[in-house]
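Survey of secondary and tertiary structure
Chain by chain, the residues run as shown.
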Amino acid sequence: MAPRSLAHELDYQELLLYWDASRSQLRGQILTDPKRLEAAAPEARAASLLARLREELRLELDGERCPLQLSLRELWVPAGATLGDSVMLACARAERPRRLRVFAGPWLHGLRVTVQQPAAAATTQVLSTQTSVLGGAWSGVYSFEEPSRGFSAPSVEAPARNYLLLGVRHILEGGWDHLAFVAALVLGRSARFTLLLWELTAFTAAHSLSLALGALGVIVLPRAPIELGIALSVCAMALCNLDARSRVTRAAPALVFAFGLLHGQGFAGNLLDAGLPASAFVWALLGFNVGVELGQAAWAGALFLGLSALPAHWPRPRFVQLGSLALGALGLYWTWERGVALLSP
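Residues numbered from 1 in each chain as written. Predicted model: local features only at pLDDT ≥ 70, side-chain atom pairs only at ≥ 80, totals over all residues. Heavy atoms only, no water.

Re the packing of aromatic side chains
Within the structure shown, the criterion is met by seven aromatic pairs. Relative to Phe288, the ring of Phe267 has its centre 6.4 Å away and its plane inclined at 75°; by these criteria the two rings are edge-to-face. Highlighted residues: Phe267 in helix H7 (residues 252-274) and Phe288 in helix H8 (residues 281-308), separated in sequence by 21 residues. A relative accessible area of 1% means that Phe288 is categorised as buried. Here Tyr333 and Trp336 contribute two aromatic rings whose centre-to-centre distance is 6.3 Å and whose plane-to-plane angle is 35°, an arrangement assigned as tilted. (Phe/Tyr/Trp six-rings, centres within 6.5 Å; stacked < 30°, edge-to-face > 60°. Helix = DSSP H or I, 4+ residues; strand = E, 2+ residues; numbered from the N terminus. Buried < 20%, exposed > 50% of the residue type's maximum accessible area, 1.4 Å probe, protein only.)

Quick look at the state of the cysteines
Two cysteines whose sulfur atoms are joined by a covalent bond form what is called a disulfide. The full count for this structure, using the stated rule, is one disulfide. Across a sulfur-sulfur distance of 1.5 Å, Cys66 and Cys91 are joined as a disulfide pair. Of this pair, Cys66 sits in the loop between strand E4 (64-65) and strand E5 (69-74) while Cys91 sits in strand E6 (residues 85-92); the two residues are 25 residues apart in sequence, bridging distant segments of the chain. Grouping residues by exposure puts Cys66 and Cys91 together as buried. (Disulfide = S-S within 2.5 Å.)

A short note on the pattern of salt bridges
Per the counting criterion, the structure on display carries eight salt bridges. Close ionic contact of Arg338 with Asp177 constitutes a salt bridge, the shortest N to O distance being 3.0 Å. Here Arg338, found in helix H9 (residues 316-343), pairs with Asp177, found in helix H3 (residues 176-188); they are 161 residues apart in sequence, far enough to count as distant. Judged by its relative accessible area of 4%, Arg338 is buried. Look at Asp177 and you get buried, because its relative accessible area is 0%. Residues joined in a network through salt bridges with shared partners are Asp177, Glu227 and Arg338. (Salt bridge = Lys/Arg side-chain N within 4 Å of Asp/Glu carboxyl O.)

Listed below in structure tokens is the structure:
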């Protein structure tokens, strides 16, 4: 699993399925990120994991839900052999199904599904088909009779809607460094609305451009240095707020655009890992980007309104200074954490 310091991680789970003709069962294994569960004793974690999967994972065979038999294979431990919590599953059928659909609940966040079966009769070759399913959505339809066709494409509206919701959830639930940067930007310009609007527009344009170029594979930079640069961007914006005469402050408009490019690459790296549906690539990418912007706009708007509502007798400069010190300290912590991770062998 990716280190916790990578704040833009999408946390996709892995599901492998295959038809076992000798047992008349669809069998498989699911590997989940251990961060999906709260820390607890092994027995409690195992019970919680199995209960969650019974609620969140559904297999539909030929239009009917198939009851899952789940059994724990192995729980993740630090420095262990597995990359996550491993659970075996089985779904009994009288005969081989013709069609399969998979539902991933919101708790799973996202699911990368792989179906394997022989490429042809009397052969040892295996044909693997893969698709990605966002939390709260169904996959397309997989045909066991025509495995080479893979999963059918869901409608255009579904990827756009699902990725839009993912973008909102992603920025508000996991994009802490992105939110910290926007908070520093709003703090320093809360008394200058026009400047704030221009710089937020530049920041948005920059990370939208960078996200698109990264997702398209035109410009893809290593993730660890990008995440370190994002942490440093929080420190730089806090410094702008604390020292209005510094060189960093005078270069703030250009820096905001440059930092937007960094943040966009942070999002793009994880979208590439998660995968975008080839049949609705543009709509999914657009939906995710719009979702991120909606989440960012809601956060910036709430901060600005909160600062505007401060009583007149409150010393606004002091409030901005204390807030910027806190954000700068947070940025320094992330810088140290990610710098150590980058330099570690």
